[in-house]
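Here is what each chain is made of, one letter per residue.
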Amino acid sequence: MRLPPPVRLPNKHYRSREYLTPSEVRSILDAALDRKARYSHRDYTLMLLMFRHGLRVGEAVGAKCGLRWDAVMWG
């Protein structure tokens, strides 16, 4: 006889909110620019794009469903 899987509580039980505030996003973006890395500006731009358009990581950089150049409307 198998036991049923444990019941997961709603997300409100684990955390008070499920989003970042604009000040938290600004802190993350500033940290991306302050890094002494080769692609810090690229990382900043990608995170800003993700925040403004509500993209998840898989939607932005995923291999199968990621953002592609032909998906951008340049006009």
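A brief structural summary. If you're wondering where the values come from, they're calculated on a predicted model, not measured in any experiment.

1. Points about the overall build of the chain
Regarding its fold elements, the chain presents four helices and zero strands. Ordered by position from the N terminus, the helices and strands of the chain form the series α-α-α-α. Taken against the 2.2 N^0.38 rule, which gives 11 Å for 75 residues, the C-alpha radius of gyration of the chain at 18 Å runs more than 25% over that of a compact globule. When its C-alpha atoms are laid out on the principal axes, the chain stretches across 55 × 30 × 25 Å. A total of about 7,200 Å² of accessible surface is found on the chain, and carbon and sulfur atoms cover 60% of it. Of note, the chain has its 14 positive side-chain charges centred 6 Å away from the centre of its 7 negative side-chain charges.

2. A look at helix α2 (residues 22-34)
Its 13 residues place the ends of α2 18 Å apart at the C-alpha level, agreeing with the 18 Å of an ideal helix rising 1.5 Å per residue. Structurally, α2 contributes buried residues whose contacts are with α3 (40-53).

3. Some details on the nonpolar core
In this structure, V25, L29, A32, Y44 and L48 together form the largest nonpolar core, which totals five residues. Contributing elements (two or more residues each) for this core: α2 and α3. Ranked by residue count, the leading element in this core is α2, at three residues. Apart from the residues lying within four places of it in its own chain, the contact partners of A32 are S40, Y44 and M47.

4. Comments concerning the packing of aromatic side chains
What characterises a pair of aromatic rings is the spacing of the ring centres plus the angle enclosed by the ring planes. All chains considered together, the criterion is met by one aromatic pair. A centroid spacing of 5.8 Å and a plane angle of 20° characterise the contact between W69 and W74, whose relative ring orientation is stacked. One cation-aromatic arrangement involves R17 over Y19; the distance from NZ or CZ to the ring centre is 5.6 Å.

5. With respect to the side chain of D43
Tracing the backbone through its elements, the reader meets D43 in helix α3. Overall, D43 belongs to the buried group, its relative accessible area being 17%. Here the side chain of D43 touches R42 through a polar contact of 3.0 Å, side chain to side chain.

What counts and what doesn't
Residues numbered from 1 in each chain as written. Predicted model: local features only at pLDDT ≥ 70, side-chain atom pairs only at ≥ 80, totals over all residues. Heavy atoms only, no water. Helix = DSSP H or I, 4+ residues; strand = E, 2+ residues; numbered from the N terminus. Rg over C-alpha atoms; globule rule 2.2 N^0.38 Å. Areas by Shrake-Rupley, 256 points an atom, 1.4 Å probe, with all protein chains shown as cover. Lys, Arg positive; Asp, Glu negative; His and termini not counted. Charge placed at Lys NZ, Arg CZ, Asp CG, Glu CD. Expected span 1.5 Å × (residues − 1). Contact = heavy atoms within 4.5 Å. Core = buried A, V, L, I, M, F, W, Y, C linked by side-chain atoms within 4.5 Å. Buried < 20%, exposed > 50% of the residue type's maximum accessible area, 1.4 Å probe, protein only. Phe/Tyr/Trp six-rings, centres within 6.5 Å; stacked < 30°, edge-to-face > 60°. Lys NZ or Arg CZ within 6 Å of the ring centre and 35° of its normal. Polar contact = N/O pair within 3.5 Å; in protein donor to acceptor, adjacent residues only side chain to side chain.

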